Amino acid sequence: SDGWIEIATFGIYSPSALAEYGIEYPVMNLGLGVERLAMILHGYSDVRQMVYPYLYNGVQLDDVEIARHIKLKEVPETPAGMKLALAIVNTAKEYCNEESPCEFLAFEGQIHGRTVRAYVVEREPNTRLCGPAFLNEVVVHKSSVYGIPRNEKYEKYFKEGVPTGITYIESFAFFAAKQGELAALKGKNTEVRVRMVEGLSDINLTLQKNVRRFISSSGGKIDVRGPMFVTVRFEVDDG
């Protein structure tokens, strides 16, 4: 009836079922519904309002709140790894327009007791070290997430929206540096690359599912893509 919430199930196991496991004694089962208990504690009458507030409670996320939920998936764990990430970014920016094939030493130093050298590389001929979207920045504008360059065409997105301050190359460099640390631990050379960006995960970014659902339910979109074409090669030596 109205006003009642079922919070648990209760029962005694069948003796024949227990006999299959050699159990001679009666066994009681009690299962509590965590969501139902939370409904009582917080005064909800509909479990959907509590579990899916962005759909059933009319909760609104502004652009600032959406931007705050865009986070790096992987980051380096050591001070040297952080320096490595920064070196990758700086090298890519400095030599981005160099004709390929080419490679540039970005970092040489000790990580986990081994010497690590990191190169930003492009082996394919007749192109550039980095693709044209490598400096695209993630911006939230009117409940949508975009990966766009800072130029006149997209000026209003940066003025009216909320720039995260995260560029493709920066978020990717954190991922690459983490892989460099792992290569040092294993004592093995490795290589990481990103070619065509088709979503946040391709550049080491994540966004919670509930925020994605809110964006979709609000008529927004996540449009983070573009040709990045950045490769980082790691050489690892003992000592």
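Structural data are supplied above this passage.
The sections below set out a description of the structure shown in this document. (Residues numbered from 1 in each chain as written. Predicted model: local features only at pLDDT ≥ 70, side-chain atom pairs only at ≥ 80, totals over all residues. Heavy atoms only, no water.)

What about the sheet that holds strand β12 (residues 226-238)?
Inclusion rule: Each pair of strands is called paired provided DSSP finds at least two bridges between the two strands. Strands here mean DSSP runs of E at least two residues long; helices mean DSSP runs of H or I at least four residues long; both are numbered from the N terminus. As a rule, the C-alpha atoms of each element are fitted with a line to give its axis, helices using only the stretch in contact, and angles between N-to-C directions run from 0 to 180 degrees. Here, two residues are considered to be in contact whenever any of their heavy atoms come within 4.5 Å of each other.
Ordered in space as β4-β5-β12-β9, the four strands form an open sheet in which the pairing is antiparallel. Each edge of the sheet is formed by a strand with only one pairing partner; in this case those strands are β4 (102-111) and β9 (190-197). Adjacent strand axes in the sheet meet at a mean angle of 15°, parallel and antiparallel pairs treated alike. As defined by bridge partners, β4 adjoins strand β5 (residues 114-122) across nine bridges and the pair is classed as antiparallel. Each residue of the ladder has a partner; that of glycine 109, found in β5, is valine 116. Together, β4, β5 and β12 form the strand contacts of helix α6 (residues 79-95), whose direction differs from that of β4 by roughly 165°. Set on the sheet, helix α8 (residues 168-186) makes contact with β4, β5, β9 and β12; between it and β12 the angle comes to about 25°.

Some remarks on the sheet that holds strand β8 (residues 162-167)
The four strands lie next to each other as β8-β6-β7-β11, forming an open sheet whose pairing is mixed. Every interior strand has two partners, whereas the edge strands, β8 and β11 (222-223), have only one. Here two bridges tie strand β7 (residues 144-148) to β11, and the two strands are oriented parallel to one another. Bridge assignment links tyrosine 146 to a residue of β11, and that residue is aspartate 223. Contacts between α8 and the sheet are confined to β6 (137-141), β7 and β8, with β8 contributing the most and set at about 50° to the helix.

Let's talk about unusual backbone geometry
What counts is decided by this rule: Buried means the residue's accessible area, taken with a 1.4 Å probe over protein chains only, is under 20% of the maximum for its type, while exposed means over 50%, and partly exposed covers the values in between.
Following serine 100, the chain continues into proline 101 via a peptide bond in cis, with omega recorded as 5°. Along the chain, the position of proline 101 falls in the loop between α6 and β4. Positive phi, close to 60°, is recorded for asparagine 126, a residue that is not glycine. Counting through the fold element by element, asparagine 126 comes out in the loop between β5 and β6. Note on asparagine 126: relative accessible area 77%, which makes it exposed. Within the chain, phenylalanine 229 stands out as a residue other than glycine whose phi angle is a positive 50°. Looking at where phenylalanine 229 falls in the secondary structure, it is placed in strand β12. Judged by relative accessible area, which is 25%, phenylalanine 229 ranks as partly exposed.

Focus on the nonpolar core
Put simply, the rule reads: Put simply, buried Ala, Val, Leu, Ile, Met, Phe, Trp, Tyr and Cys residues joined by side-chain atoms within 4.5 Å make one nonpolar core.
Grouped together as the largest cluster of nonpolar side chains are 53 residues, with contacts concentrated most on Phe172, Met228, Val230 and Phe234. With eight residues, the single largest contributor to this core is α8. Excluding its chain neighbours within four sequence positions, the residues that come into contact with methionine 228 are Cys130, Gly131, Ala133, Phe134, Tyr168, Ile169, Phe172, Val194, Arg195, Val197 and Ile203. Listed in part, the five residues of the second largest apolar core include Val139, Tyr146, Tyr157 and Phe158.

Details of α8
Note: α-helices contain 3.6 residues per turn, so residues at a spacing of three or four share the same orientation. Quick reminder of the rule: Every helix has an expected span of 1.5 Å times one less than the residues it contains.
Over its 19 residues, α8 extends 27 Å from the first C-alpha to the last, a length consistent with the 27 Å expected when each residue adds 1.5 Å. Just beyond α8, the residue with positive phi is glycine 187, at close to 70°.

Here's the deal with the packing of α6 against α8
Cut-off, in case you're wondering: By the definition adopted for this analysis, an angle is roughly parallel if under 35 degrees, roughly antiparallel if over 145, roughly perpendicular if from 65 to 115, and oblique otherwise. A clockwise turn of the near helix away from the far one marks a right-handed crossing, whereas an anticlockwise turn of less than a right angle marks a left-handed crossing. Residue type decides the class: Asp, Glu, Lys and Arg count as charged, Ala, Val, Leu, Ile, Met, Phe, Trp, Tyr, Cys and Pro as nonpolar, and the leftover types, Gly among them, as polar.
Where α6 meets α8, the axes come as close as 8 Å, and the angle between the chain directions of the two elements is 135°. Taken together, the axes of α6 and α8 are oblique relative to one another. In terms of crossing hand, the pair formed by α6 and α8 is right-handed. Side by side, α6 and α8 meet where Gly81, Met82, Leu84, Ala85, Ile88, Val89, Ala92 and Lys93 of the first sit next to Ile169, Glu170, Ala173, Phe174, Ala176, Ala177, Gly180 and Glu181 of the second. A class-by-class count of the residues in the contact of α6 with α8 yields eleven nonpolar, two polar and three charged.

A look at the pattern of salt bridges
The condition that has to hold: In the sections that follow, a salt bridge refers to a side-chain nitrogen of Lys or Arg positioned within 4 Å of a carboxyl oxygen of Asp or Glu.
Summed over all chains, the structure comprises 13 salt bridges. The residue glutamate 235 makes a salt bridge to arginine 117 at a minimum N-O spacing of 3.2 Å. Of the two residues, glutamate 235 sits in strand β12 while arginine 117 sits in strand β5, which places them 118 residues apart along the sequence. Looking at arginine 117, the relative accessible area reads 16%, which means it is buried. For glutamate 191, the salt bridge goes to arginine 193, with nearest N and O atoms at 2.7 Å. Look at the salt bridges and you will find they share partners, linking Glu103, Glu108, Arg117, Arg233, Glu235 and Asp237 into a network.

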